[in-house]
Amino acid sequence: MLEIKNLHVKLEDEDKQILKGVDLTVEAGKVHAIMGPNGSGKSTLSYVLSGKDGYEVTEGSATLEGIDLLDLEAEERAAAGLFLAFQYPVEIPGVGNMTFLRTAVNAQRKARGEEEMSAAEFLKVVRARAKDLKIDAEMLKRPVNVGFSGGEKKRNEILQMAMLEPKMCILDETDSGLDVDAMKLVADGVNALRSEGRGFLVITHYQRLLDHIKPDVVHIMAGGRIIKTGGPELALEVEQNGYTDLMSEVA
Ligand code: ADP
Ligand code: MG
Ligand code: MG
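Rules behind the numbers
- Every chain is numbered on its own, with residues counted from 1 as its sequence reads.
- Both sets of labels track the order of writing: A upward for chains, 1 upward for ligands.
- Selection of residues for local features in this predicted model requires a pLDDT of at least 70, selection of side-chain atom pairs for listing and counting requires 80 or more, and totals for whole chains, interfaces and linings are taken over all residues.
- Calculated side-chain values reflect all of the structure's heavy atoms, with hydrogen atoms and water omitted.
- Strands here are runs of E lasting at least two residues and helices are runs of H or I lasting at least four, both read from the DSSP assignment and numbered beginning at the N terminus.
- When accessible area is computed with a 1.4 Å probe and restricted to protein chains, residues below 20% of their type maximum are described as buried, those above 50% as exposed, and intermediate ones as partly exposed.
- Any pair of N or O atoms that falls within 3.5 Å is considered a polar contact. Within protein, one atom must be able to donate a hydrogen and the other to accept it, and sequence-neighbouring residues count only if both atoms are side-chain atoms.
- In what follows, a contact means two residues having at least one pair of non-hydrogen atoms within 4.5 Å.
- A 1.4 Å probe that fits into a set of points on a 1 Å grid over the protein atoms alone but cannot get out defines a cavity; an open set with protein on both sides within 12 Å along at least five of seven lines defines a pocket, and lining residues are those with an atom within 4 Å of a point.
- Grid points are joined across faces, edges and corners, and a volume is the space filled by probe spheres set on the points.
- As a rule, N, O and S atoms within 2.8 Å of a metal are its donors, except that Na, K and Ca use 3.2 Å; water is not among the atoms, so sites may look incomplete.
- We define a salt bridge as a side-chain nitrogen of Lys or Arg found within 4 Å of a carboxyl oxygen belonging to Asp or Glu.

- Under an unreviewed UniProt entry, the protein has the name Fe-S cluster assembly ATPase SufC and belongs to Sulfitobacter sabulilitoris.

Shown next as structure tokens:
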């Protein structure tokens, strides 16, 4: 599904290397988690995959089902089936949440050569999925994320994900700033989307999210590289011993 090979990334305006050779393959139907200390390059990886400006790939490749992602515009990557739930969801004043979602869904359908969703069908689907995520109907009418609480923003990211039905979902610290109940809602939302044809990359600083979204594979990232890969037990090990032990062990 997602194949990253020897990815090296630097800041565009500065001589600062952030990713220093990331290798990662996420198979369809699998959930991979990336954990790691702050500043290790986790968000940078997700930004570069989704096509955010400001970064320069100096070496390596990233493909989705064999399609070269790095060659595509951000919206083309989305149309190819990539979705990123942001660590810090952006507010979009003046754009209604519902309008935003419908425009995104239909743009993606168009890019895939599928028919647009009718207004009636869209309403039905969005209401049902919002209800599952305990997102108030009122929130669907408000401008995207404006005045939403931290938890509401994160749940809104999952609603976008549910509506777009991506092939590859990347969640960047979707659990940060959430209380346990909100985190469970997010995890339930993600678990409901798990399927054979869909891969997940769940980025998290803490192990607790992985109690609710059970990963198949856990990677530890530090200093712009994946320094260790293992099963779910690796997350527990990090939780117990911290990153410092692991980093010195690898060093
Ligand atoms: P993580 O998500 O693992 O906490 P980040 O990808 O956010 O790590 O950051 C990795 C490193 O790159 C940090 O040292 C961070 O300060 C730096 N960095 C990332 N983006 C930028 C940027 N746009 N400008 C300056 N430094 C950046
Ligand atoms: Mg960070
Ligand atoms: Mg980050």
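Having put the structure on the table, let's press on.
A short note on the side chain of His205
So, step 1. Note that His205 resides in the loop between strand S10 (199–203) and helix H8 (209–212).
So, step 2. Judged by its relative accessible area of 17%, His205 is buried.
So, step 3. Within the local environment of His205, its side chain forms a polar contact with the backbone oxygen of Gly36, the two atoms lying 3.1 Å apart.
So, step 4. In this structure His205 touches Met35, Gly36, Pro37, Asn38, Glu173 and Tyr243, once residues within four positions along its chain are discounted.

Comments concerning the layout of surface pockets
So, step 1. If you add up the space inside the largest pocket, you get close to 780 Å³.
So, step 2. Lining the largest pocket are 28 residues, and of these Ala74, Ala78, Phe83, Leu84 and Phe86 lie nearest its centre.
So, step 3. Counting only elements with at least two residues in the lining of the largest pocket, the list comes to helix H1 (42–50), helix H2 (74–79), strand S6 (82–85), helix H3 (97–111) and helix H6 (150–164).
So, step 4. For the lining of the largest pocket, the leading source of residues is H3, giving 7 residues.

A short note on the coordination of the magnesium ion (ligand 3)
So, step 1. At the metal site, the magnesium ion (ligand 3) is ligated by Ser43 (OG) and Gln87 (OE1), and these contacts range over 2.1 to 2.5 Å.
So, step 2. In this structure, the magnesium ion (ligand 3) is positioned 3.2 Å from the magnesium ion (ligand 2). Here Ser43 is found in helix H1, whereas its partner Gln87 is found in the loop between S6 and strand S7 (92–96), with 44 residues between them in sequence.
So, step 3. Taking the relative accessible area as the measure of exposure, Ser43 reaches 18% and is therefore buried.

As for the pattern of salt bridges
So, step 1. The full count for this structure, using the stated rule, is 7 salt bridges.
So, step 2. Between Lys167 and Glu65 there is a salt bridge, with its nearest N and O atoms 2.9 Å apart. With Lys167 in the loop between H6 and strand S9 (168–172) and Glu65 in the loop between strand S4 (55–64) and strand S5 (67–68), the pair connects residues that are 102 residues apart, well separated along the chain.

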